[in-house]
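What the coordinates show
Residues per chain, in single letters:
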Amino acid sequence: MRIWVAALCCIASVFPSGISLAQSNVRGNTSPFDFALQGTVIQGGTAIGIAPQNVTSLTLDGRAIPVTSDGRFLIAFDRDAPPTAQLVATLADGRPLAQSLNVSPRDWRIERVNAPLRPTRNSEAFMALRTPELARIAAARAAHRDSQGWRQAFLWPVTGRISGLFGAQRIYRGEPGAYHGGVDVAAVAGTLVRAPADGVVTLAADHPFTLEGNLLMIDHGAGLNSAFLHLSRIDVAEGQHIVRGQIIGAVGATGRATGPHMHWGMKWNDARIDPLLLAGPMGE
């Protein structure tokens, strides 16, 4: 099986150091079975594939991957994805065809702090609020709609100074804290936020959540979804179909935030991915 990886062109100053996208991340012997990937086979990255004819099913590390009628599919790799992934296709005659993908590592921004990690103290009152919020978030993540936004070139919802990188993490005297699960863009409160791609709204908070504040979640299809945190307002409703570039809300500092900014988090199924890799270089 042959796979060509067409890497996205990136500007080095925009992306975290240590990312090399113009390389093949595939190994194995060639065969008449042709299979194409376009994207970044890298921790936190995504790739859109075109399956060959006569494929009846596809899996990545045992997870079933939907293939559309025109042969397209989406795969992605978690922030902490292991060095290799196994892509297995099954042909109409029952033959399995396997290919090992090399997942490039990232040079994450790690800050070592000479102080102990503060223990989390969740009071009964806090958990009374937080538990139903987590249930709503989980339900929104699990809602898979027939959106085709995952096929599109993603826009930056807001442009400005990137104030927080995906994957950044603090180590407290050898004990790792939680890594940053999205990308932050500093902006003036009230700055309009636009949909990065087509999708369906799966969560539009009717009140600020304890941590996320005014939270908006959008399903782009194929297991890919976006979450926008700390918004000052939300301009769309749950179940609404939205289009790429549509105004969906405004920047704010609701929830646990030190100042106005847009936090954009993305997941593909259970994998946390880097919006910066998907959206590409930020325009003016």
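Located above this text is the structure these notes cover.
Residue numbers here run from 1 along each chain, matching the order of that chain's written sequence. The predicted origin of the model limits local features to residues at a pLDDT of at least 70 and limits the giving and counting of side-chain atom pairs to 80 or more, whereas totals for whole chains, interfaces and linings rest on all residues. Where side-chain values are given, they derive from all heavy atoms of the structure, hydrogens and water being excluded.

This part covers the overall build of the protein. Within the protein one finds two helices and 23 strands. The 284 residues of the protein split such that 47% are buried. Residue contacts follow a heavy-atom distance rule, with two residues in contact if any of their heavy atoms lie within 4.5 Å. Within the protein, contacts between residues separated by at least 24 positions form 69% of all contacts whose residues are at least 6 apart in sequence. Per-residue accessibility takes into account occlusion by the displayed protein chains alone, with areas from the Shrake-Rupley method and a 1.4 Å probe. Just so you have it, the protein exposes about 13,800 Å², and 52% of that area is on carbon and sulfur atoms. Helix and strand labels come from DSSP, where a helix needs a run of H or I of at least four residues and a strand needs a run of E of at least two; each type is numbered from the N terminus. Partly exposed describes any residue whose relative accessible area lies between the buried limit of under 20% and the exposed limit of over 50%, with all areas from a 1.4 Å probe on protein chains only and scaled to the type maximum.

With that settled, consider the side chain of glutamine 43. Counting through the fold element by element, glutamine 43 comes out in the loop between strand 3 (34–39) and strand 4 (46–50). Take glutamine 43: its relative accessible area is 11%, and that puts it in the buried class. Setting aside chain neighbours within four positions, we find glutamine 43 in contact with Phe77, Asp78, Arg79, Asp80, Ala81, Val103, Ser104, Pro105, Arg106, Trp108 and Leu277.

On to unusual backbone geometry, then. The phi angle at asparagine 54 is positive, at roughly 70 degrees, despite the residue not being glycine. For asparagine 54, the location among the structural elements is in the loop between strand 4 and strand 5 (55–60). You can call asparagine 54 exposed: its relative accessible area is 56%.

Further remarks concern the pairing of strand 17 (residues 214–221). The side chains of a regular strand alternate between both faces of the sheet. In terms of burial, strand 17 is largely enclosed, as eight of its eight residues are buried. Two strands pair under a simple rule: DSSP has to find at least two bridges between them. The sheet contact formed by strand 16 (residues 199–204) and strand 17 spans four bridges and is antiparallel. Paired with valine 200 across the two strands is aspartate 219, which belongs to strand 17. Of the pairings in the sheet, the one linking strand 17 to strand 18 (residues 224–231) comprises six bridges and is antiparallel in character. The residue of strand 18 that forms the bridge with glycine 221 is leucine 224. Hairpin geometry of strand 17 and strand 18 is characterised by an intervening segment of two residues between the two adjacent antiparallel strands and by a positive phi of about 60 degrees at alanine 222.

Any pair of Phe, Tyr and Trp rings, taking the six-membered ring for Trp, is counted once the centres come within 6.5 Å. Such a pair is stacked with planes under 30 degrees apart, edge-to-face with planes over 60 apart, and tilted for the rest. If you walk through the whole model with that rule in mind, you get four aromatic pairs. Both rings, one in tryptophan 108 and one in phenylalanine 166, keep their centres 5.7 Å apart while their planes meet at 70 degrees; by these two values the pair is edge-to-face. Note that tryptophan 108 is positioned in the loop between strand 9 (96–102) and strand 10 (110–113) and phenylalanine 166 in the loop between strand 11 (161–164) and strand 12 (169–172), a separation of 58 residues in sequence. Neither tryptophan 108 nor phenylalanine 166 differs from the other in exposure class; each is buried. For the ring pair tryptophan 156 and tryptophan 264, a centre distance of 5.7 Å and an interplane angle of 75 degrees mean the geometry is edge-to-face. Placement of the pair is tryptophan 156 in the loop between helix 1 (124–142) and strand 11 and tryptophan 264 in strand 22 (residues 261–268), with a sequence separation of 108 residues. Through a chain of ring-to-ring contacts, the aromatic side chains of Trp108, Phe166 and Tyr179 assemble into a single cluster.

Next up on the list: the side chain of arginine 106. Relative to the assigned elements, arginine 106 resides in the loop between strand 9 and strand 10. A relative accessible area of 8% places arginine 106 in the buried class. Only 2.9 Å separates the side chain of arginine 106 from the backbone oxygen of glutamine 43, close enough to count as a polar contact. Counted as a polar contact is a pair of N or O atoms within 3.5 Å, where, for protein atoms, one must be capable of donating a hydrogen and the other of accepting one, and residues adjacent in sequence contribute only when both atoms are in side chains.

Let us now look at the pattern of salt bridges. Every case where a carboxyl oxygen of Asp or Glu lies within 4 Å of a side-chain nitrogen of Lys or Arg is listed as a salt bridge. Taken as a whole and judged by the stated rule, the model has eleven salt bridges. The salt bridge involving arginine 79 is made with aspartate 80; its shortest N-O contact spans 2.8 Å. Under the relative-accessibility criterion, arginine 79 is labelled buried at 5%.

Pairing in this open sheet of three strands is mixed, and the strands run 10-12-13 from one edge to the other. Looking along the sheet, the strands with just one partner apiece sit at the ends: strand 10 and strand 13 (175–176). Strand direction decides the pairing type here: strand 10 and strand 12, joined by four bridges, are parallel. When the bridges of strand 12 are listed, valine 113 appears paired with tyrosine 172.

This part covers the pairing of strand 12. The pairing of strand 12 with strand 13 spans two bridges and is antiparallel. Counted as the bridge partner of tyrosine 172 is glutamate 175 from strand 13. Hairpin connection, strand 12 to strand 13: the antiparallel pair is bridged by two residues, and arginine 173 has positive phi, about 50 degrees.

Here the focus is the sheet that holds strand 19 (residues 233–234). For sheets, the rule is that strands pair by backbone hydrogen bonds, running either parallel or antiparallel. As summarised here, the arrangement of the three strands in space is 15-21-19, forming an open sheet in which the pairing is antiparallel. Only two strands of the sheet have a single neighbouring strand rather than two, namely strand 15 (192–194) and strand 19. Looking at chain direction, strand 15 and strand 21 (residues 247–250) are connected through three bridges and run antiparallel. In the sheet register, arginine 194 faces strand 21, and the bridge partner there is isoleucine 247.

All right, on to helix 1 then. In a helix, the anticipated span is given by 1.5 Å times the number of residues less one. Over its 19 residues, helix 1 extends 27 Å from the first C-alpha to the last, a length consistent with the 27 Å expected when each residue adds 1.5 Å. A residue's bend is the angle separating two fitted axes: one through the seven residues that end there, the other through the seven that start there. Largest kink in helix 1: about 25 degrees, centred on arginine 130, with the proline proline 132 one to four residues after it. Buried residues along helix 1 sit in contact with strand 16, strand 17, strand 18, strand 22 and strand 23 (271–273).

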